[in-house]
Amino acid sequence: MIAATKKPTENYNSGFQLKGGSISPTQIYKRLVAYFMSFKKLPRDAVGAYLLKEWKSIEKENIVLVDETMLPEIFRIHAESFDSETQKKLQKSSKKLRKIFYVIKSRDKIAGYCTYYLKPELSFKGLKKKSVIQSIAIDKKFRGMGYGKKLLEESIKEMKLNGIASVLLYVNVINTPAIKLYEKMSFQVIKEIEEVCGKQEKCYLMELKLT
Ligand SMILES: CC(C)(COP(=O)(O)OP(=O)(O)OC[C@H]1O[C@@H](n2cnc3c(N)ncnc32)[C@H](O)[C@@H]1OP(=O)(O)O)[C@@H](O)C(=O)NCCC(=O)NCCS
């Protein structure tokens, strides 16, 4: 394992190089916040991983789960609509979230994909299971033919079966085709947020309640 071969001093130096003033107090503060945030995510990730272990799948017409061989085509479809930075996230999801990374096919061709992550929320009422659409895209050649709707309908059926209380997503306010698709699926805008869909971009947080 790469991490195990690293010397502790290397880790320390890469985090906080105070000598020589190469890292400013603001940067240190930002890093501490980032560490704190990732620490906060640990229990959520652990519960998410447990839920995924217990995940029940249903038979879906023309929809399969991702495998490594599909990734080049999925990246190509992804690149038609999004920047390359989010490709790394997709690659990670294809391993970690395989059970909720759906691929829709037209005969033997990949027409599009949709991937979710789980967002369990613990409150005094108990555990509320939510999911978030991380990314969805349909190959340009197959757009406007019902593939996006079909992919959402089928994957949301599986979300219901697995006790997901609601599905969330972020969409750029200027992405009319996607917003129309989500509205058609009965998603509702909860609020408008800045800086989530890109720098100085506005997006909607939308939700579909399932219970
Ligand atoms: C958004 C996207 C996934 C829609 O997929 P699609 O397969 O083309 O959509 P569908 O054919 O299933 O259309 C379903 C409904 O969505 C709406 N819709 C789809 N494309 C639309 C468009 N260009 N203009 C307006 N409404 C549109 C319509 O209401 C449509 O229903 P209708 O055909 O009965 O009118 C697709 O356009 C895409 O991949 N876009 C680029 C990636 C992206 O923006 N992803 C969303 C990120 S949040």
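Provided above is the structure to which this section pertains.
Throughout this document, residue positions are counted from 1 along each chain, in the order its sequence is written. Since the coordinates come from a predicted model, pLDDT governs what is reported: local features require at least 70, and pairs of side-chain atoms require 80 or more to be given and counted, while whole-chain, interface and lining totals use all residues. No hydrogens and no water enter the side-chain calculation; it runs on all heavy atoms of the structure.

Visitor: Can you tell me about a nonpolar patch on the surface, naming the residues and giving the values?
Guide: Patches were defined on residues exceeding 30% relative accessible area and lacking a salt bridge, with like-charge contacts within 9 Å and nonpolar side-chain contacts (Val, Leu, Ile, Met, Phe, Trp, Tyr) within 5 Å. Only the protein chains shown count as cover for residues, and all accessible areas are computed by the Shrake-Rupley method using a 1.4 Å probe. Here, a salt bridge means any side-chain nitrogen of Lys or Arg that lies within 4 Å of a carboxyl oxygen of Asp or Glu. Where nonpolar side chains cluster on the molecular surface, the patch consists of Val47, Leu122 and Leu127 and spans about 290 Å² of accessible area. Relative to the assigned elements, Val47 resides in helix H3 (residues 25-53). For helices the rule is a DSSP run of H or I covering at least 4 residues; for strands it is a run of E covering at least 2, with both sets numbered from the N terminus onward.

Visitor: Can you break down the sheet that holds strand S1 (residues 63-65) residue by residue, with the values?
Guide: A pair of strands is considered paired only if DSSP assigns at least 2 bridges between the two. Judged by pairing direction, the sheet is mixed, and its 7 strands sit side by side in the order S1-S2-S3-S4-S5-S7-S6 without closing on themselves. The sheet is open, and its two borders are formed by S1 and strand S6 (188-194), each paired with just one other strand. Recorded for the sheet is a direction-independent mean angle of 30° between the axes of neighbouring strands. Where strand S5 (residues 166-172) meets strand S7 (residues 202-209), 7 bridges bridge the pair, whose relative direction is antiparallel. Bridged to Leu169 within S7 is Met206. Contact criterion: two residues are considered in contact whenever any of their non-hydrogen atoms come within 4.5 Å of each other. Inter-axis angles, ranging from 0 to 180 degrees, are taken between N-to-C directions of lines fitted to C-alpha atoms, where helices are fitted over the stretch in contact. The sheet contacts of helix H5 (residues 85-96) involve strand S2 (101-106), strand S3 (109-123) and strand S4 (126-138), and relative to S4 the element is tilted by about 125°.

Visitor: Which residues make up helix H4 (residues 71-81), and what values go with them?
Guide: Leu71, Ile74, Phe75, Ile77 and His78 are the residues of H4 that are buried. Down the axis of H4, the buried side of the element spans an arc of 165°, and every buried residue falls inside it. At its buried positions, H4 is contacted by H5, S2, S3 and S4. Burial classes: relative accessible area under 20% of the type maximum marks a residue as buried, over 50% as exposed, and values in between as partly exposed (1.4 Å probe, protein chains only). The arc in question is the one traced by the directions running from the helix axis out to the C-beta atoms.

These results come straight from atomic positions and should not be treated as a statement about function.
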